Amino acid sequence: MKIVSTKAELKAILDQVKARGQSIGLVPTMGALHPGHMSLVQAASAQSDFVIVTIFVNPLQFGQGEDLDKYPRRLEADALLCESHGAHLVFAPSPEEMYERPTQTLIANTDLDDLYCGAYRPGHFKGVLTVVAKLFNLSRADKAFFGSKDYQQLYLIQRMVKDLDMCVEVIACPTVREQDGLAMSSRNEYLSPELRQKALGISQGLQAAQLAFEAGERSCARLQECVRGPILASGADSIQYIEVLSADDLLPRQNLESKGVILVAAYYGNTRLIDNRELI
Ligand code: AMP
């Protein structure tokens with residue numbers, strides 16, 4: 001497996017891959033890889049001839065005062081994991097390589113950029129969509145694999161691909177969880193053992209809402225309260241938002257009529273965790 005850090009090296013290798021007629025699968029990540037990321041690499045390797053994992057902590061998607069500097073970086077260990085899960089190439093550019101000059105072009109979703117996570121992280125999704133579009137172009141991927149863990153991000157990427165007629169198929173992969181239900185995340189390593197235990201309140205809240213939904217509850221306000229109870233009881237330091245939305249357009253309703261989704265963001269200590277649950 002190769003590790004490359006420049007666009008020129010990547011292009012030279014991909015020219016050969018394309019000349020061989022191989023299909024390309026892309027897994028964009030920010031590194032600090034865990035089994036959630038590896039599930040994407042495995043899916044990519046099952047569905048593509050040549051698998052590229054990108055490892056890039058994208059400054060454009062971090063706001064002032066966020067964890068850009070302290071975000072865990074460990075390229076060597078990440079590359080070993082990628083190799084053992086079937087990746088053929090890791091692309092790990094520096095910020096200067098990725099943005100050779102300050103970008104003047106950003107991709108925005110007019111309706112959903114500033115909602116939910118976007119309301120608390122101004123500019124975040126413009127940074128995400130822009131870097132993902134660049135990675136699609138650089139990788140010439142046939143398929144790109146994303147986790148449902150970042151539900152709003154996944155929705156926005158799917159929407160970008162449709163709206164801009166991008167030639168890549170987005171494959172959504174399920175959230176991988178710890179045995180006790182905590183969604184795996186690179187940011188979980190910020191949690192002390194005590195906070196790690198408390199943070200189970202999120203998946204417990206989602207589970208409570210799921211049970212209420214299965215028992216026939218369709219009121220978004222009441223489903224929201226089902227999630228809030230266990231999160232408050234767990235001792236979360238703050239709840240940023242709990243949204244019960246239609247999964248069709250990611251917009252609020254009074255009552256769920258078709259498939260729904262609950263999105264949650266909460267702080268345990270200084271660590272911001274997100275999770276979600278589809279209600280079908
Ligand atoms: P990140 O490195 O956090 O930017 O995530 C890179 C990709 O891995 C995104 O598509 C995430 O949705 C996905 N991902 C992160 N955590 C998980 C998880 N627990 N299960 C499945 N996919 C995940």
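Computed from a prediction, not measured in an experiment: that's the story for all the values here.

This part covers empty space enclosed by the protein. All chains considered together, the criterion is met by one cavity of 30 Å³ or more. In this structure, the largest cavity spans a volume of roughly 80 Å³. Lining the largest cavity, in full, are Lys149, Gly181, Leu182, Ala183, Ser185, Asn188, Ala199, Ile202, Ser203, Leu273, Ile274 and Asp275. Elements that contribute at least two residues to the lining of the largest cavity include exactly α9 (200-214) and β9 (271-279). It is β9 that contributes the most residues to the lining of the largest cavity, three residues altogether.

Glancing now at the site of the ligand. Looking at the ligand, there are 17 residues lining it, with His37, Gly147, Asp150, Val176 and Met184 nearest. For the ligand, whose accessible area on its own is 490 Å², the fraction buried by protein is 93%. A per-element tally of the shell around the ligand places helix α2 (residues 35-47) first, with three residues. The residue inventory of the shell around the ligand, partitioned by class, reads eight nonpolar, seven polar and two charged.

Our focus in this paragraph is the packing of helix α6 (residues 124-139) against helix α7 (residues 151-163). One way to put it is that α6 packs onto α7 with a least axis distance of 10 Å and a crossing angle of 55 degrees. By the angle class used here, α6 and α7 are oblique. As for how α6 packs across α7, the hand of that crossing is right-handed. Taking contact as the criterion, the partners of Phe125, Val128, Leu129, Val132, Ala133 and Phe136 in α6 are, on α7, Gln152, Gln153, Leu156, Ile157, Met160 and Val161.

What follows is about the pattern of salt bridges. Applying the stated criterion across every chain, the model contains 15 salt bridges. Residue Arg228 pairs with Glu225 through a salt bridge whose shortest N-O separation is 3.3 Å. Of this pair, Arg228 and Glu225 both sit in helix α10 (residues 220-234), three residues apart, which is roughly one turn of the helix. Among the residues examined, Arg228 registers a relative accessible area of 26% and is labelled partly exposed. A salt bridge links Arg253 to Asp249; the shortest N-O distance between them is 2.8 Å.

Judged by how many residues are buried, strand β2 (residues 24-29) sits mostly within the fold: six of six residues are covered. The side-chain alternation of β2 yields two buried faces, one formed by Ile24, Leu26 and Pro28 and the other by Gly25, Val27 and Thr29. For β2 and strand β3 (residues 50-55), the ladder comprises six bridges, and the chain directions are parallel. Looking at β3, one finds that Gly25 is bridged to Val51. Crossover β2 to β3 through α2 is right-handed. In this sheet, strand β5 (residues 143-147) lies alongside β2 in parallel orientation, the contact comprising two bridges. Counted as the bridge partner of Leu26 is Ala144 from β5.

What counts as what
- Residues numbered from 1 in each chain as written.
- Predicted model: local features only at pLDDT ≥ 70, side-chain atom pairs only at ≥ 80, totals over all residues.
- Heavy atoms only, no water.
- 1 Å grid on protein atoms, 1.4 Å probe; cavity = no way out; pocket = protein on both sides within 12 Å on 5 of 7 lines; lining within 4 Å.
- Points joined across faces, edges and corners; volume = space filled by probe spheres on them.
- Helix = DSSP H or I, 4+ residues; strand = E, 2+ residues; numbered from the N terminus.
- Near = heavy atom within 4 Å.
- Areas by Shrake-Rupley, 256 points an atom, 1.4 Å probe, with all protein chains shown as cover.
- Nonpolar A, V, L, I, M, F, W, Y, C, P; charged D, E, K, R; others polar.
- Axes fitted to C-alpha atoms, helices over the stretch in contact; angles between N-to-C directions.
- Parallel < 35°, antiparallel > 145°, perpendicular 65-115°, else oblique.
- Left-handed = near helix turned anticlockwise from the far one by under 90°.
- Contact = heavy atoms within 4.5 Å.
- Salt bridge = Lys/Arg side-chain N within 4 Å of Asp/Glu carboxyl O.
- Buried < 20%, exposed > 50% of the residue type's maximum accessible area, 1.4 Å probe, protein only.
- Pairing = 2+ DSSP bridges.
- Right-handed = clockwise from strand over helix to strand, strands pointing away.

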